[in-house]
Amino acid sequence: MNQVYEKLMNAYRCFKEQIDFSPKIGLVLGSGLGSFAQEVDVKAVLPYSQIDGFPVSTAPGHAGRFVFGFIKDVPVVLMQGRIHYYEGYDITDVVLPERLMKLMGAEVLFLTNAAGGFGDGFTPGTLMMITDHISCFAPNPLVGQNIEELGPRFPDMSDVYDKELQQVIRQVAVRERIDLREGVYAQLTGPSFETPAEIHMLKSLGASACGMSTVVEAIAANHMGMKICGISCITNMAAGFSDRKQTQEEVMETADRVEKVFCRLVRESILAIGRQILAS
Ligand code: HPA
């Protein structure tokens, strides 16, 4: 059997042995949503370290565990801590958790992240719904023998971020009076921040924000047929768009400042999306 698939099935077996829970929505918590688990009526927790062969996130502010529970009546699984390519893992390990969440039962993948912003009118603290992405500066997680059990060799990517989910999130933002911008997110490998010339290039390519995650996860999830949506918290202006240098401290500072409203937008969006799924 394909080694990547074997690892995934092994992880799934480990999950089944320890957890009896079937989530409908998988949520990846980026910096700024660390406290989101408080929104959840927690039923079970599974540290990544208790899953055979699983990568363990080492990034600051990333706990490294799955949290299972309900937001009202919507069954969810949260990833408290994602795996980043810059930590040194194979790209197939980086997307293993998203693939596993699909096998757990999640139909929807809700991605969140902290990002550097350069869209018109963006300031630190802006929330940006991801409408599309640019993947070509990060390795593609589907390179290698295709796993036919998961999806096709050449998956379509014309609609990665589900249009209906985008509309639901837009409506929630209006109702909640949350200023929500929209834009294209570009993933680079990190861990170094970008140069002004790189940001200039990304902006001229049509991006409004960039970061070190999310896109590869969306590719793997789209390959498996999940419905995907995503929101970036613009924690800082990207290189060349402010006099400040990019630092992890500013990322965390802004993420903390915006956390409450970010949590509210995500919680209300999940409830609205969950209602649709549970009704169908
Ligand atoms: N660049 C890349 N990743 C980031 C940034 C940034 O400016 N801010 C938060 N994550």
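Here's what I pulled together on the structure shown here. Just so you know, these numbers come straight off a predicted model, no measurement behind them.

About the thresholds
- Residues numbered from 1 in each chain as written.
- Predicted model: local features only at pLDDT ≥ 70, side-chain atom pairs only at ≥ 80, totals over all residues.
- Heavy atoms only, no water.
- Salt bridge = Lys/Arg side-chain N within 4 Å of Asp/Glu carboxyl O.
- Buried < 20%, exposed > 50% of the residue type's maximum accessible area, 1.4 Å probe, protein only.
- Disulfide = S-S within 2.5 Å.
- Core = buried A, V, L, I, M, F, W, Y, C linked by side-chain atoms within 4.5 Å.
- Helix = DSSP H or I, 4+ residues; strand = E, 2+ residues; numbered from the N terminus.
- Pairing = 2+ DSSP bridges.
- Axes fitted to C-alpha atoms, helices over the stretch in contact; angles between N-to-C directions.
- Parallel < 35°, antiparallel > 145°, perpendicular 65-115°, else oblique.
- Left-handed = near helix turned anticlockwise from the far one by under 90°.
- Contact = heavy atoms within 4.5 Å.
- Nonpolar A, V, L, I, M, F, W, Y, C, P; charged D, E, K, R; others polar.

## Re the pattern of salt bridges
Applying the stated criterion to the full structure yields 14 salt bridges. Here Arg175 and Glu176 are joined by a salt bridge, their closest N and O atoms 3.2 Å apart. In this structure, the salt-bridge partner of Glu268 is Arg267, at a minimum N-O distance of 3.2 Å. In this structure Arg267 comes out as partly exposed when scored by relative accessible area, which is 23%. The structure contains a network of salt bridges with shared partners spanning Glu39, Arg175, Glu176, Arg264, Arg267 and Glu268.

## Details of the state of the cysteines
Within this structure, the stated rule accounts for 0 disulfides. Looking at Cys233, it has no disulfide partner, and the nearest cysteine sulfur is the one in Cys263, 10 Å off. For Cys233, a relative accessible area of 0% corresponds to the buried category.

## Side note on the nonpolar core
Soluble globular proteins: nonpolar side chains tend toward being buried together. Ranked by size, the top nonpolar core spans 51 residues in total, and within it Phe66, Phe68 and Met101 carry the most contacts. In this structure, Val76, Val168, Cys233 and Ile277 belong to the second largest nonpolar core, which totals 36 residues.

## Remarks on the pairing of strand S3 (residues 65–71)
Of all 7 residues in S3, 5 are buried, a share of seventy percent or more. Pairing analysis gives 6 bridges linking strand S2 (residues 41–47) to S3, with the strands arranged antiparallel. Looking across to S3, one finds that Ala44 is bridged to Phe68. With 7 bridges connecting them, S3 and strand S4 (residues 74–80) associate as antiparallel partners.

## Some words on the packing of helix H4 (residues 163–175) against helix H7 (residues 248–279)
Following both chains from N to C, one finds H4 and H7 inclined at 130°, their axes separated by 9 Å at the closest point. Comparing their axes, H7 and H4 come out oblique. The way H4 lies across H7 gives a crossing that is right-handed. In this structure, H4 contributes Leu165, Val168, Ile169, Val172, Ala173 and Arg175 to the contact, and H7 contributes Leu265, Glu268, Ser269, Ala272, Ile273 and Gln276. Of the residues belonging to the contact of H4 with H7, the class tally is 8 nonpolar, 2 polar and 2 charged.

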